[in-house]
Amino acid sequence: MKKIALALACSIVFSVTAADHLPPLPEWQGSTLSLIKPAQHPWVTPAELSDLSETPDYQSTIKYLERLAASTSMVKLEVIGQSPQGRAIYLVKAGTDPDMIGRDNKPLLLAQAGIHSGEIDGKDAGLMLLRDIVQGDKADLLKEVNLLFIPIFSVDGHERSGKHNRMNQRGPELQGWRSTAQNLNLNRDYMKAEAPEMQALLKLLNRYQPDLYLDLHVTDGEDYQYDITYGFNEPFAALSPNAASWLATSFRPALDQALTEAGHIPGPLVFAYDSSDFSKGLAGSTSSPRFSNGYGDLRHIPTVLVENHSLKPYKQRVLGTYVLLEHSLKLLQQQGAVLKLAKKADENARPQRQVLAWKASETPDYISFKGVEAVQKKDPITGVQYQTWTGKPVNFEQLPVYWEKEVAAEIEVPTAYWIPPEQQAVIAKLALHGVQFTSLKSPKTIQLQQLTATKHQFATQPFEGRFGVKAEFSRHWKKIRLPAGSIRVSTDQPLGALAVALLEPTAPDSLFSWGYMPGMFERVEYFETYALVPLIEVALKQDKKLKAEFEEALKQDKKLASDPNAKLQWLYQRLPYYDQNYLKYPILIE
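Calculation rules
Residues numbered from 1 in each chain as written. Predicted model: local features only at pLDDT ≥ 70, side-chain atom pairs only at ≥ 80, totals over all residues. Heavy atoms only, no water. Helix = DSSP H or I, 4+ residues; strand = E, 2+ residues; numbered from the N terminus. Buried < 20%, exposed > 50% of the residue type's maximum accessible area, 1.4 Å probe, protein only. Contact = heavy atoms within 4.5 Å. Areas by Shrake-Rupley, 256 points an atom, 1.4 Å probe, with all protein chains shown as cover. Lys, Arg positive; Asp, Glu negative; His and termini not counted. Charge placed at Lys NZ, Arg CZ, Asp CG, Glu CD. Expected span 1.5 Å × (residues − 1). Bend = angle between axes of the 7 residues up to and from the residue. Pairing = 2+ DSSP bridges. Core = buried A, V, L, I, M, F, W, Y, C linked by side-chain atoms within 4.5 Å. Salt bridge = Lys/Arg side-chain N within 4 Å of Asp/Glu carboxyl O. Polar contact = N/O pair within 3.5 Å; in protein donor to acceptor, adjacent residues only side chain to side chain. Phe/Tyr/Trp six-rings, centres within 6.5 Å; stacked < 30°, edge-to-face > 60°. Lys NZ or Arg CZ within 6 Å of the ring centre and 35° of its normal.

A. Focus on the overall build of the protein chain. Of the regular secondary structure elements, the protein chain holds 15 helices and 19 strands. Projected onto its principal axes, the C-alpha positions of the protein chain cover 95 × 65 × 50 Å. Looking at the protein chain as a whole, 53% of its 590 residues are labelled buried. Residue pairs at least 24 apart in sequence account for 78% of intrachain contacts in the protein chain once pairs closer than 6 positions are excluded. Per element, the accessible surface of the protein chain, about 27,700 Å² overall, is 52% carbon and sulfur. One way to put it: in the protein chain the 64 positive side-chain charges average out to a point 5 Å from where the 67 negative ones average out.

Here it is in structure tokens:
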């Protein structure tokens, strides 16, 4: 019966359209409507053929780009990787000489669309802008600036398209899927980099080192007046403070002005503090490095997470993205040299301490906010209470924002990390991220800090394909013999902060936290009681210090004193027969 019910549920045919079940939509007329070319235009984009209500599939998108590239020397296509289902991941290189991008020292913008392929506004905006640069009157945008454009990042997710993929989003008619064919969310994969798509992107970042990186998304969640929202790790909580300052004082004012003048409503990337009551305030996020903007902050690439408002029509969102891309290029023409200096200052900084995680401040900041009237309703079928919106604008003059700007975890930056040669997966990840390291040619004894897990807890269910782990550690200095082939990762390098975030086990997105070193929690050698008891007797007779420690432990711990097996384990752990690697974090600290 359950199988029949499931089959019936999956076969239901919905006749409602996207507009029927969503909150009312304010009327919009922006000057960017004039950007849309008519169907008879020789270079009309596939999306424009539907008046920006539909988006082309993968094949049609690439076919249009190939035609565009064939018409000009300013555009070149390059395959940067392959998806799990065998689709090519394309990069569009645009400039006065695409082959010189990365070598001509021009300011470089990387714009990425379709990391979540249901949120594909950036692809169609990018195709329109490239068309207007190559076949229109906007070639000067690339006179002093270069553009890298990924039209579809999650190519397999893009082709898992349908009308029912995103129920809270107005268009396009067919939408891609949020995750990859391997069911990985690429915007959670920047640190562990397990998806082939992400591995291709990291190689691109290492190769080109863009000066500005735009990651183009569409929101989930609440209603408000804004159609284009965006954010970055703010200067008060940034690991790249110089770049963050430029984003806050130069990028944001310039882009807000350009979008406003074009008839759009730009806003901050914030979320409701309480989703049932907007008036209680907003939550401002400081992204961890599993996300694009957190990762960019960590590796000193100025990165902006763009979140177009899902409840606005696809046409409006695409046109707003066009403005954002165009004026990002214009701003780089004007201030590219300044941004490069800010980026270099962050790369050259060597802070003594590094924040690993942030938490929300209990003291809010206050901002004006363009909201929409909300009402509470009760569903007569299920009885659930929920919030929806009326479409009526509500302007909050002083809305509290609780920013994640209080330090939750912080460490002193070590001189270096030492990785034993058998940790091949860890070493490969460092190389993929572009972290520099050296290899020990012969064995060496050195004073190092070793971490021992005192408490640990594995996740009870998988997240992004892995079972994570959290642990607490004791730390002790000791002389350790390192074998040949050991890897030394100095933090005195431009990607030193990234190395710390990957290798410090208490960092939330470290390789350890993602579950990359489970072997340290397993024991494969044990004891036989008949063999252990005599050895304990000899050890207690010969080692007065051990005997005194044991007697003191029995006085302090009544549970230990009353449990024969616990006493046996306590003594076993202090004999040389005990596995000396058990619970030892394999990476050592200099």
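Moving on from the coordinates now.
B. Structural context of helix α7 (residues 241-261). If you check α7, its first and last C-alpha atoms are 29 Å apart, about what 21 residues at 1.5 Å a residue would give, namely 30 Å. The largest bend in α7 amounts to roughly 35° and is located at phenylalanine 251, with the proline proline 253 lying one to four residues further along. For α7, the full list of buried residues reads Ala243, Ala244, Trp246, Leu247, Ala248, Ser250, Phe251, Leu255, Ala258 and Leu259. Where α7 is buried, its residues touch β5 (212-218), β6 (228-231), β7 (266-268), β10 (303-308) and α9 (314-348). Where α7 terminates, the next one or two residues include glycine 263, which has phi positive at roughly 95°.

C. Up close: unusual backbone geometry. Here the residue pair glycine 171 and proline 172 is connected by a cis peptide bond, since its omega of 5° sits within 30 degrees of zero. For asparagine 105, which is not glycine, the phi torsion reads 65° and is therefore positive. Taking the relative accessible area as the measure of exposure, asparagine 105 reaches 61% and is therefore exposed. Not every positive phi belongs to a glycine, and alanine 193 is a case in point at roughly 45°. You can see alanine 193 is positioned in the loop between α5 (155-159) and α6 (196-208).

D. Structural context of the environment of alanine 113. For alanine 113, the location among the structural elements is in strand β3 (residues 108-113). Sequence spacing of alanine 113 and leucine 214 is 101 residues, and the spatial spacing of their C-alpha atoms is 8.6 Å. Ignoring anything within four residues of it in the chain, the contact list for alanine 113 reads Gly122, Lys123, Phe149, Ile150, Pro151, Ile152, Phe153 and Leu216.

E. A look at the pairing of strand β18 (residues 487-490). Of the two faces of β18, the one holding Ile487 and Val489 is buried and the one holding Arg488 and Ser490 is not buried anywhere. In this structure, strand β14 (residues 416-419) lies alongside β18, joined through four bridges in antiparallel fashion. Note that in β18 the partner of alanine 416 across the bridge is serine 490. By the bridge criterion, two bridges tie strand β15 (residues 438-439) to β18 in an arrangement that is antiparallel. Bridged to threonine 438 within β18 is arginine 488.

F. Here's a closer look at the nonpolar core. Among the nonpolar cores identified, the biggest contains 85 residues, and Met198, Leu204, Ile419, Val489, Leu503 and Phe512 are the most heavily contacted of them. Once you skip the residues sitting within four places of it in the chain, leucine 204 turns out to touch Ile80, Leu91, Leu110, Leu148, Ile150 and Gln209. Val75, Leu109, Phe149 and Ala258 belong to the second-largest nonpolar core, a separate cluster that totals 57 residues.

G. Highlighting the pattern of salt bridges. Scanning all chains against the criterion turns up 30 salt bridges. For arginine 131, the salt bridge is made with glutamate 48, and the minimal N-O distance between the two is 2.8 Å. Here arginine 131, found in helix α4 (residues 121-134), pairs with glutamate 48, found in the loop between α2 (18-21) and α3 (58-70); they are 83 residues apart in sequence, far enough to count as distant. A residue is classified by how much of its surface remains accessible, and glutamate 48, at 3% relative accessible area, is buried.

H. A look at the side chain of serine 328. With respect to the helices and strands, the residue serine 328 is situated in helix α9. Among the polar contacts listed, one links the side chain of serine 328 to the backbone oxygen of leucine 324, at a separation of 2.7 Å. Not counting residues up to four positions away in its chain, the partners in contact with serine 328 are Leu109, Leu212, Leu214, Phe251 and Leu255.

I. Up close: the packing of aromatic side chains. Counted by the stated rule, this structure contains 19 aromatic pairs. When the ring of tyrosine 273 is compared with that of tyrosine 402, the centres are 4.6 Å apart and the planes differ by 35°; the resulting orientation is tilted. One end of the pair, tyrosine 273, is in the loop between β8 (271-272) and β9 (282-284); the other, tyrosine 402, is in strand β13 (residues 385-412), and 129 residues separate them in sequence. On the accessibility criterion, tyrosine 402 (17% relative accessible area) is buried. Look at phenylalanine 512 and phenylalanine 521: their rings are 6.1 Å apart centre to centre, the planes differ by 45°, and that puts the pair in the tilted class. Take phenylalanine 521: its relative accessible area is 12%, and that puts it in the buried class. Members of the aromatic cluster, joined through ring pairs, are Phe458, Phe473, Phe512, Phe521 and Tyr585. Positioned above the aromatic ring of tryptophan 43, the side-chain terminus of arginine 67 is 3.8 Å from the ring centre.

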